[in-house]
Amino acid sequence: MDIKEFLEKSFTAYHAVENCEKMLDLAGFKAVDLSEKWNPETGKGYYTVINGTTLIAFKAGGRHAFNVVESHTDSPSLKVKGDKLVDSPEGRRVNVEKYGGSLLYSFLDVPLKIAGRIAYADKDHIRTKLVVSDYNVNVPSLAPHHNPDANTKLQPSVQKDMLPLIGRAPDGLYKTLTSEKVIDADLFAVPAVKPFLSGAEEEFLCAPRIDNLTSVYSSIKAIIRSQPESIAVACCFDNEEIGSLTMQGADSNILTTVLRKINRSFGKNDDDFESAVENGFLLSADNAHAVHPAFPEKSDVAQKVYLNGGIVIKHHPNYSTDGLSSAVVKALFDKSGTRYQDYYNNSDVRCGSTIGLVTSARLNMHAADIGIAQLAMHSGIETAGFADVAEMERGLTSFLNTSFEKTKDGVKIR
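All of these numbers come straight from a predicted model, not from anything done at the bench. (Residues numbered from 1 in each chain as written. Predicted model: local features only at pLDDT ≥ 70, side-chain atom pairs only at ≥ 80, totals over all residues. Heavy atoms only, no water.)

Q: Provide a residue-level description of the sheet that holds strand β9 (residues 165-167), including the pertinent values.
A: On the basis of which strands lie adjacent, the open sheet formed by 6 strands has the order β8-β7-β10-β5-β6-β9 and antiparallel pairing. Because the sheet does not close on itself, it has two edges, and the strands there are β8 (125-132) and β9. Sheet twist, expressed as the average angle between the axes of neighbouring strands with direction ignored, equals 25°. One ladder, built from 6 bridges, connects strand β5 (residues 77-86) with strand β6 (residues 92-99); its direction is antiparallel. Bridged to S77 within β6 is Y99. Each of β7 (112-122), β8 and β10 (182-191) touches helix α2 (residues 13-26); the most contacted strand, β8, lies at about 90° to it. (Pairing = 2+ DSSP bridges. Helix = DSSP H or I, 4+ residues; strand = E, 2+ residues; numbered from the N terminus. Axes fitted to C-alpha atoms, helices over the stretch in contact; angles between N-to-C directions. Contact = heavy atoms within 4.5 Å.)

Q: Can you lay out the pairing of β5 for me, pointing to particular residues and giving the numbers?
A: The hairpin formed by β5 and β6 contains 5 residues between the paired strands, and G91 there has a positive phi angle of roughly 115°. Pairing between β5 and β10: 2 bridges, direction antiparallel. What sits directly across from K79, in β10, is F188.

Q: Mind laying out the packing of aromatic side chains, listing which residues take part and the relevant values?
A: By convention here, two paired aromatic rings are described through the distance between centres and the angle between planes. Counted by the stated rule, this structure contains 9 aromatic pairs. Aromatic ring contacts, followed pair by pair, group W38, Y46 and F58 into a single cluster. The residue whose ring lies beneath R260 is F273, and the NZ or CZ to ring-centre distance is 4.0 Å. Between the NZ or CZ atom of K261 and the centre of the ring of W38, over which it lies, the distance is 5.4 Å. (Phe/Tyr/Trp six-rings, centres within 6.5 Å; stacked < 30°, edge-to-face > 60°. Lys NZ or Arg CZ within 6 Å of the ring centre and 35° of its normal.)

Q: How would you summarise the sheet that holds strand β4 (residues 66-72) if you had to cite specific residues and measurements?
A: An order of β1-β2-β3-β13-β4-β14-β18-β16-β17 is seen for the 9 strands of this open sheet, with the pairing classed as mixed. On the outer flanks of this sheet lie β1 (30-31) and β17 (340-344), each paired with one strand and no other. Relative to β17, strand β16 (residues 311-315) runs parallel, the two sharing 5 bridges. Bridged to V312 within β17 is Q341. Contacts from helix α4 (residues 210-225) reach β3 (54-60), β4, β13 (231-237) and β14 (281-285) within the one sheet, and its direction differs from that of β4 by about 150°.

Treat this as a map of the structure, not an account of what it does.
Okay, here's the thing in structure tokens:
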């Protein structure tokens, strides 16, 4: 599965995890359940899934230390509010609310799919399955004849302006998706535009969900290709876009739980766990803002990052990167021939946050935030440098193959 197919088919976090599972299964990784005892073997790959939207994969070498790369499976979208539809003069509309910080106008007039997970009864068993509508819906914009201020004062109301038009669906939304008797569901209206290459030399990748599925894809490809000396871990969390405080989010104890279970499965004790964390390293992979061609003043006055300029090392108090962790990552990338660039935020512009600070604080682990540069972040259709995806795969693979050792005055790379 290449990056374009992955982006196209990963409509929601559920589908992204399902596609990661397919890639890992094909590569010989074994699925393991948190409720069962694990007996991993050195050199073989394993993964576990939490609530359908978070996946943690690992592969152990002979050295007991954790190299963790984390990303997130969710993207801003429109979340469906139940089964009931809203009447309108042109047919029914899907009732939605905003999920994450969507750039709302970018969801107007583009094809959308209804996708996610349904829950239904099978006798006394509540089962779930993933669905994607076999039809498109769309959110028609209001013509400038009826809205003369459309190009100057567009402020969409989610409840009024952003409900997708589904037309004739008299029996509710769920029956348009499945023959199962649905009890409830987690559904989203998501852009269904196929990924495409743009530019005279096709150097730009344009697609929905580039933030942050390019990082998810790269981390899964990296752990598949890795031949680690330590314990390589690829963690793909859900719910970053809404704060991560969920059972499957980064601001939970799930990563600590999994790492401790890995530790025990190799016959190690709590002291060994602390040592494995101390001598490990964490990379939080989430995308960064490239300098915008029309708004260069939004970037830092001295430090700008560019599409196809290599992996971005992100510096800001909102990120986990400090001078030492940045230096370690740069030394690692220099060694592997991976191109990189430094990102600093314009000091007068709001900076976003990532899961790097949360998990590094929970684990007390050296960490850095990285990503690839992109434009139109949180838009229905985003833009990144096509070559940067391969650069991220290369950089993450080299990271997972590297051993780190904490010293009194820094970190030793082996």
